[in-house]
Amino acid sequence: MNKLWIFGLIILLIVAIGIVIFWYNQSEAKIGTLITNSPGKTDVYRSIYASEKIKLTLENSASIILKNGNIIRLEAGAEIEIMDSGNIILKKGKMWSEINKLENGYKVETPTITATVRGTIFSVSYNNFINEVFMEKGIVLVSLNSNPSIFKEIKDGEKLIIHDSTSQKDFETREIEEKEIERPLPIRQELIKQENKKVGEVQEVQEVQIEEKPRSEPTETQPIRETQQYNNYNKY
């Protein structure tokens, strides 16, 4: 009986250790929170982990808040893979990144190029075999995956376009455009705007529920008409 009790205690101890190890590995693997936005629906929050793949429909956009405070904004239809290091592989679509200072830098890769930064706000898109990097604020270094040792520097308000079919030629000869393009609000402001919008909608509903219609005040013409009718009656 004592041996059976000891054996059961050992089994429970092993299970408890396994649970602790699993929980620790999960907490270490978690790299941030994904917020999925769908028109007319409540935002969906969930944890995301290293090596996870995210694919959005054409109706959904999303934001990723990483544990280190960096924020990523995925436009509708984007498809990415998150690496163990927190770097991003962009397989399709467009994404914005707002990155704090990092010791080892932050990278966004497409099948053709890699954009590396240490602290900045920039966008990368990959559609129809065309790579685009736009710098809103800061500096980003762009290199070809086929020759990662050579970089092009992109600064504020500049955009670089690389076609897959002519990537080497584009990288060597194409000039960096200084062109302002339409872009969303800075990502942090966009998230704040979303939260403020939710609060505003709640307040608006409450105000409508307690709103009372103003009472109509009697006009000055009403007693005059009654007096005229009384005088006409007395004539007869």
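Residues numbered from 1 in each chain as written. Predicted model: local features only at pLDDT ≥ 70, side-chain atom pairs only at ≥ 80, totals over all residues. Heavy atoms only, no water.

For Glu52, the position within the fold is in the loop between strand 2 (44–49) and strand 3 (53–55). For the pair formed by Glu52 and Asp84, sequence separation is 32 residues and the distance between their alpha carbons is 9.0 Å. Of the polar contacts made by the side chain of Glu52, one reaches the side chain of Arg46; its length is 2.6 Å. (Helix = DSSP H or I, 4+ residues; strand = E, 2+ residues; numbered from the N terminus. Polar contact = N/O pair within 3.5 Å; in protein donor to acceptor, adjacent residues only side chain to side chain.)

Bringing the pattern of salt bridges into the picture now. Taken as a whole and assessed by the stated rule, the structure comprises four salt bridges. With its nearest N and O atoms 2.6 Å apart, the salt bridge here joins Arg46 to Glu52. Here Arg46 falls in the partly exposed class, since its relative accessible area comes to 37%. Here Glu81 and Lys91 are joined by a salt bridge, their closest N and O atoms 3.5 Å apart. Here Glu81, found in strand 6 (residues 79–82), pairs with Lys91, found in strand 7 (residues 88–99); they are ten residues apart in sequence, far enough to count as distant. (Salt bridge = Lys/Arg side-chain N within 4 Å of Asp/Glu carboxyl O. Buried < 20%, exposed > 50% of the residue type's maximum accessible area, 1.4 Å probe, protein only.)

So, about the pairing of strand 5 (residues 71–74). Each regular strand carries side chains that alternate between the two faces of the sheet. A two-sided burial pattern is seen for strand 5, the buried positions comprising Ile71 and Arg73 on one face and Ile72 and Leu74 on the other. With four bridges connecting them, strand 4 (residues 61–66) and strand 5 associate as antiparallel partners. Paired with Ser63 across the bridge in strand 5 is Arg73. The antiparallel pairing of strand 4 with strand 5 creates a hairpin that spans four residues between the two strands, and Gly69 there sits at a positive phi of about 95°. Pairing geometry for strand 5 and strand 7, over four bridges, is antiparallel. Its bridge partner being in strand 7, Arg73 is matched across the sheet by Trp96. (Pairing = 2+ DSSP bridges.)

Here we come to the side chain of Asn87. Tracing the chain through its elements places Asn87 in the loop between strand 6 and strand 7. Polar side-chain contacts of Asn87 include one of 3.0 Å to the backbone nitrogen of Lys107. Excluding anything up to four places from it in sequence, Asn87 contacts Glu81, Ile82, Gly105, Tyr106 and Lys107. (Contact = heavy atoms within 4.5 Å.)

Moving on: the nonpolar core. If you look at the biggest cluster of nonpolar residues, it comprises 34 residues, and the most contacted ones within it are Ile64, Leu74 and Phe122. The element that contributes the greatest number of residues to this core is strand 7, accounting for four residues. Dropping the residues within four chain positions of it, Leu74 is found in contact with Ile54, Leu56, Ser61, Ala62, Ile64, Ile80, Lys94 and Met95. (Core = buried A, V, L, I, M, F, W, Y, C linked by side-chain atoms within 4.5 Å.)

Turning our attention to unusual backbone geometry. The phi dihedral of Ser51 falls on the positive side, at around 70°, and the residue is not glycine. Topologically, Ser51 is positioned in the loop between strand 2 and strand 3. The backbone phi angle of Phe129 is positive, close to 65°, even though this residue is not glycine. Classification of Phe129 as exposed rests on a relative accessible area of 60%.

A few words now on the confidence of the model for the protein chain. Regions with low pLDDT should not have their predicted coordinates read in detail. The share of residues in the protein chain with pLDDT of 70 or more is 67%, and the mean pLDDT across the chain is 76. Under a pLDDT of 50 for its full length, residues 199–213 has, in the predicted model, zero contacts with residues more than four places off or in other chains. When the criterion is pLDDT under 50, residues 218–236 qualifies, and its contacts beyond four places in sequence or with other chains add up to zero contacts. (pLDDT = per-residue confidence, 0-100.)

Taken as a whole and judged by the stated rule, the model has two aromatic pairs. Pairing Trp96 with Phe134 gives two aromatic rings, centres 6.3 Å apart and planes at 70°, and the pair type is edge-to-face. With Trp96 in strand 7 and Phe134 in strand 11 (residues 130–137), this residue pair connects regions lying 38 residues apart in the sequence. Pair check on accessibility: Trp96 and Phe134 agree, each one buried. With a centroid separation of 6.3 Å and 70° between ring planes, the pair formed by Tyr106 and Phe122 is classed as edge-to-face. (Phe/Tyr/Trp six-rings, centres within 6.5 Å; stacked < 30°, edge-to-face > 60°.)

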